[in-house]
Amino acid sequence: MAPTAIAAREFGARLARTHAFAPTGARVFGEEPPTFAARFGHLGHMGHALLPMVPAGSPRRTFGEFYANDRLLPYVQPSLRNGSFSNDDADTIERLAQRLRDGAFDAPQPALVHTDAALLHGDLWSGNLLWATPDSIVDGGTGVGSNGSPSYPGPGEIRTATASGPIGVVIDPASHGGHAESDLAQLHVFGARHAADIYAGYNDASPLADGWQERIGLHKLHILIIHAALFGGSYGAQTIRTAKPYL
């Protein structure tokens, strides 16, 4: 079902509320889902690439420390090995990582998020955002599920201004605690339709921190460098082009 501007704004507002979901009142950067640790030993996957996680209650880190150490640097060596990075490219990411650790890009979470880290989808490129008819959504009830995650609302609860129009739903998450701007930025990697309307609906529900537009490229880098590490080719050059303005 084709998305509409109204549906995109509603999806943005619901994404804002998802990011703010925190039944324990705390979430650290890199925090894994509640049932994750025993099964996977604090390592997730995006394709064949490992995705470092930490358990709930781990020591607090800044966004920059987390993003540099867990979301950029682990993928430098694989990108070197497959030829998508040169030694100079690797140095570019190392220098950006230091700027991140120094706090150059730490910014507040959106207004509704009151924990260090937001609850992210974690892989919110356009292919993981689908548009469904209201009657195709299974009613999951409300509140908190048995694993501590938010239960999915039924169609009567999420259908407001869209009436019988499309509803945005997400699939294939790599969920963890991160910065809310990362989910939003990933919509731009492969061009999600109505991205501007998604941002508008989000910003109405949970205003973003000043300067968010200038940080979109920074928050795209994780998805880009993962692609460089997994697939090589032009993804390496795209990663470096996106990184250089932040040096």
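Right above here is the structure, for reference.
This is a predicted model, so every value here is computed, not measured.

What counts, and where the lines are drawn
- Every chain's residues receive numbers from 1 upward, in the order its sequence appears when written.
- Two thresholds apply to this predicted model, a pLDDT of at least 70 for residue-level local features and 80 or more for giving and counting side-chain atom pairs, whereas whole-chain, interface and lining totals are computed over all residues.
- Water and hydrogen atoms were dropped before computing side-chain values, which therefore reflect all heavy atoms in the structure.
- The helix and strand labels rest on DSSP assignments: H or I over at least four residues marks a helix, E over at least two residues marks a strand, and numbering proceeds from the N terminus.
- Multiplying 1.5 Å by the residue count of a helix minus one yields the expected span of that helix.
- Per-residue accessibility, obtained with a 1.4 Å probe over protein chains only, is compared with the maximum for each type, and a residue is labelled buried under 20%, exposed over 50%, and partly exposed between these values.
- Simply put, an axis is a line fit to the C-alpha atoms, just over the touching stretch for a helix, and the angle between two N-to-C directions goes from 0 to 180 degrees.
- Angle categories are assigned with fixed cut-offs, so that under 35 degrees is roughly parallel, over 145 is roughly antiparallel, 65 to 115 is roughly perpendicular, and the rest are oblique.
- We call a crossing left-handed when the near helix sits turned anticlockwise from the far one by less than a right angle, and right-handed when that turn is clockwise.
- Contacts between residues were defined by any pair of non-hydrogen atoms, one from each residue, lying within 4.5 Å.
- Only centres within 6.5 Å qualify two rings of Phe, Tyr or Trp (six-membered ring in Trp) as a pair; their planes then separate them into stacked at under 30 degrees, edge-to-face at over 60, and tilted for everything else.
- N or O atoms within 3.5 Å of each other form a polar contact, as long as, within protein, one can give a hydrogen and the other can take it, and as long as residues adjacent in sequence are counted only when both atoms are side-chain atoms.
- Charge assignment: positive for Lys and Arg, negative for Asp and Glu; neither His nor the chain ends contribute.
- What makes a salt bridge here is a side-chain nitrogen of Lys or Arg within 4 Å of a carboxyl oxygen of Asp or Glu, nothing more.
- Summarising the geometry, the arc corresponds to the directions from the helix axis toward the C-beta atoms.
- Definition used in this section: a nonpolar core is a set of buried Ala, Val, Leu, Ile, Met, Phe, Trp, Tyr and Cys residues joined via side-chain atoms within 4.5 Å.

(A) How the structure looks around helix α1 (residues 5-20). In this model, α1 (16 residues) spans 23 Å end to end at C-alpha, consistent with the 22 Å of a helix rising 1.5 Å per residue. For α1, the full list of buried residues reads A7, A8, E10, F11, G12, A13, R14, L15, A16 and H19.

(B) Quick peek at the packing of α1 against helix α8 (residues 195-205). The N-to-C vectors of α1 and α8 enclose an angle of 45°; their axes lie 7 Å apart at closest approach. If you check the angle between α1 and α8, you find them oblique. The two elements α1 and α8 cross, and the hand of that crossing is right-handed. On the side of α1, the interface is formed by A5, A8, R9, F11, G12, A13, L15, A16 and H19, while α8 contributes D197, I198, A200, G201, Y202, D204 and A205.

(C) Inspection of the packing of aromatic side chains at higher detail. Inspection of the entire model under this criterion finds eight aromatic pairs. Ring geometry for F29 against F66: centres 5.6 Å apart, planes inclined by 25°, an arrangement best described as stacked. Here F29 is found in the loop between α1 and α2 (37-40), whereas its partner F66 is found in helix α3 (residues 63-72), with 37 residues between them in sequence. With a centroid separation of 5.6 Å and an interplanar angle of 85°, the aromatic rings of F105 and Y246 are classed as edge-to-face. Note that F105 is positioned in the loop between α5 (87-101) and β3 (118-120) and Y246 in the segment after α10 (234-243), a separation of 141 residues in sequence. The exposure classification of F105 matches that of Y246, with both residues buried.

(D) Just the side chain of E181, in detail. As for its placement among the helices and strands, E181 is situated in helix α7 (residues 180-186). Accessibility expressed as a relative area gives 5% for E181, which makes it buried. Among the polar contacts made by the side chain of E181, one reaches the side chain of R215 at a distance of 2.9 Å.

(E) Local environment of the side chain of R27. If you trace the backbone, R27 turns up in the loop between α1 and α2. Here R27 occupies a buried position and makes no salt bridge, while the nearest side chain of opposite charge, E31, is found at 4.9 Å. There is a polar contact of 2.7 Å between the side chain of R27 and the backbone oxygen of F21. Excluding residues within four positions of it along the chain, R27 makes contact with H19, F21, A22, T115, D116, A117, A118, L119 and G177.

(F) Representation of α8. Taken residue by residue, α8 has A195, I198, Y199, G201 and Y202 as its buried positions. The arc that holds the buried residues of α8, viewed along the axis, is 165°, so those residues lie on one side. Exposed and facing more than 90 degrees away from the buried side of α8 are A196 and D204. Those residues of α8 hidden inside the fold are in contact with α1, β4 (129-132), α7 and α9 (216-231).

(G) Representation of the pattern of salt bridges. Counting across every chain of the model gives five salt bridges. Across the salt bridge formed by R9 and D204, the nearest N and O atoms sit 2.6 Å from each other. Of this pair, R9 sits in helix α1 while D204 is found in helix α8, placing the two residues 195 residues apart along the sequence. R9 sits in the partly exposed class, given a relative accessible area of 35%. With its nearest N and O atoms 3.1 Å apart, the salt bridge here joins R95 to D91. Taken together, the positions of R95 and D91, both in helix α5 and four residues apart, correspond to about one turn of that helix. Among the residues examined, R95 registers a relative accessible area of 42% and is labelled partly exposed. By relative accessible area, D91 is classed as partly exposed at 38%.

(H) Spatial organisation of the nonpolar core. With 34 residues, the main nonpolar core has Y67, L72, I93, L96, L100 and L218 as its most contacted residues. When residues of this core are traced back to their parent elements, those giving at least two are β2 (49-52), α3, α5, α9 and α10. Among the elements that take part in this core, α9 stands out by supplying eight residues, more than any other. Excluding its chain neighbours within four sequence positions, the residues that come into contact with L218 are F63, Y67, L96, L100, F105 and Y246. The next biggest cluster of nonpolar side chains, apart from the first, holds 22 residues, and it includes L124, I198, L208 and W212.

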